[in-house]
Amino acid sequence: MPKFVINIVFTNDNDKRLATRPVHREYDKALYESGKLHESGPFLDDSGALIIYNAESLAEAESILAADPYSITGGIIESAAIHEWNRVIPAES
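Read on for a plain summary of the structure. Note that the structure is a prediction, hence the values are computed from the model and not measured. (Residues numbered from 1 in each chain as written. Predicted model: local features only at pLDDT ≥ 70, side-chain atom pairs only at ≥ 80, totals over all residues. Heavy atoms only, no water.)

A few points about the nonpolar core
Part 1 of the reasoning: Ile8 and Tyr53 are the most contacted members of the largest nonpolar core, which has 17 residues in total.
Part 2 of the reasoning: Of all the elements, strand β1 (residues 3-10) adds the most residues to this core, at four residues.
Part 3 of the reasoning: Other than its neighbours up to four places away in sequence, Ile8 contacts Phe43, Ser47, Gly48, Ala49, Ile51, Leu65, Ile77, Ser79 and Ala80. (Core = buried A, V, L, I, M, F, W, Y, C linked by side-chain atoms within 4.5 Å. Buried < 20%, exposed > 50% of the residue type's maximum accessible area, 1.4 Å probe, protein only. Helix = DSSP H or I, 4+ residues; strand = E, 2+ residues; numbered from the N terminus. Contact = heavy atoms within 4.5 Å.)

Overview of the sheet that holds strand β4 (residues 77-85)
Part 1 of the reasoning: Spatially, four strands are ordered β2-β3-β1-β4 in an open sheet, and the strand pairing comes out antiparallel. Two strands bound the open sheet, and with one partner strand each, they are β2 (37-42) and β4. This sheet shows a mean twist of 15 degrees between the axes of neighbouring strands, independent of strand direction.
Part 2 of the reasoning: Running at roughly 160 degrees to β2, helix α1 (residues 14-34) makes contact with β1, β2 and β3 (48-54) of the sheet.
Part 3 of the reasoning: Packed on one face of the sheet, helix α2 (residues 58-66) meets β1, β3 and β4 and runs near 150 degrees to β4. (Pairing = 2+ DSSP bridges. Axes fitted to C-alpha atoms, helices over the stretch in contact; angles between N-to-C directions.)

Let's talk about the pairing of β1
Part 1 of the reasoning: The buried fraction of β1 is high, at six of eight residues.
Part 2 of the reasoning: Of the strand pairs in this sheet, β1 and β3 are connected by seven bridges, and their pairing is antiparallel. Residue pairing in the sheet places Val5 in a bridge with Ile52 of β3.
Part 3 of the reasoning: Here β1 runs beside β4; their pairing, made up of eight bridges, is antiparallel. Counted as the bridge partner of Lys3 is Trp85 from β4.

Structural data, given as structure tokens:
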């Protein structure tokens, strides 16, 4: 299944981000359990995060991100760059 890498930049509203984090992590947990989330996590400086989705298309990856409680409309994500990713190492099995 294609993988899409999302480089997220957070807004400066840390209070809102921290308040929203539990529901965001539940959303990510559900995505992981359904096979749609490959992996994710914040940068150590809390400026943003990296997310890798398993999605059939760019449109599906965008839809998954739009539904995230951290979404741009949720006021947590300032910007997000989404790219389809060609994982070379390790090779897909």
